Amino acid sequence: MTSAATSPDAVDPASSPSATRIRAAALRLFAAQGTAATSLRTIAAAAEVSLGLVQHYFATKADLIGAVDAHVLEVVSAVMAEPVPDPPADSVAEMGRRVTALLVEQPDVVDYVVDAVVSGRPLGTVVFDGLAA
């Protein structure tokens, strides 16, 4: 079975408001409960859509986790990859400011990353290594 998210004739989930709402609900629930404890049915209810619509955009839970991972990586990368202002600021203080901004503005993203690091998922390794660098 070909994933709806990767099928050549499928609607791109990134361009759909429903898919964006599903991904946002999944992020909130995954951050709060972990990926293993969260079902597609629970995500559908939280997003106020049918289970069939979730499966239309994300054929499997792994596809949805992949979409959430990609979104989280984009959010973290956008914040952390900003150039350090000229004249060169204290880079440690600047990184602290950015991490604080993530904590305040994107708590679900932070909780999701923490779960990914603790559980040893690839996203956790990518973000941890990026922050360490």
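Residues numbered from 1 in each chain as written. Predicted model: local features only at pLDDT ≥ 70, side-chain atom pairs only at ≥ 80, totals over all residues. Heavy atoms only, no water.

Caption draft 1: Structural view of the packing of aromatic side chains. Taken as a whole, this structure holds 2 aromatic pairs when the rule is applied. Judged by centre distance (6.5 Å) and plane angle (55 degrees), the rings of Tyr-57 and Phe-58 are tilted. For Phe-58, a relative accessible area of 3% gives the class buried. Stacked on the ring of Tyr-112, the Lys or Arg Arg-121 has its end atom at 4.9 Å from the ring centre. (Phe/Tyr/Trp six-rings, centres within 6.5 Å; stacked < 30°, edge-to-face > 60°. Buried < 20%, exposed > 50% of the residue type's maximum accessible area, 1.4 Å probe, protein only. Lys NZ or Arg CZ within 6 Å of the ring centre and 35° of its normal.)

Caption draft 2: View of the pattern of salt bridges. Counting across every chain of the model gives 3 salt bridges. Arg-98 serves as the salt-bridge partner of Glu-94, at 2.9 Å between the closest nitrogen and oxygen. Placement of both Glu-94 and Arg-98 in helix H5 (residues 91–105) is noted, with a separation of 4 residues, approximately one turn of the helix. Assigned by exposure class, Glu-94 and Arg-98 land together as buried. Between Asp-115 and Arg-121 there is a salt bridge, with its nearest N and O atoms 2.8 Å apart. (Salt bridge = Lys/Arg side-chain N within 4 Å of Asp/Glu carboxyl O. Helix = DSSP H or I, 4+ residues; strand = E, 2+ residues; numbered from the N terminus.)

Caption draft 3: The environment of His-71, seen in detail. By the secondary structure assignment, His-71 is in helix H4 (residues 61–80). You can call His-71 partly exposed: its relative accessible area is 21%. C-alpha separation for the pair His-71 and Leu-27, spaced 44 residues apart in sequence, amounts to 9.2 Å. Ignoring any residue separated from it by four or fewer positions in sequence, one finds His-71 in contact with Arg-23 and Leu-27. Of note is the side chain of His-71, whose polar atom sits 3.3 Å from the side chain of Arg-23. (Contact = heavy atoms within 4.5 Å. Polar contact = N/O pair within 3.5 Å; in protein donor to acceptor, adjacent residues only side chain to side chain.)

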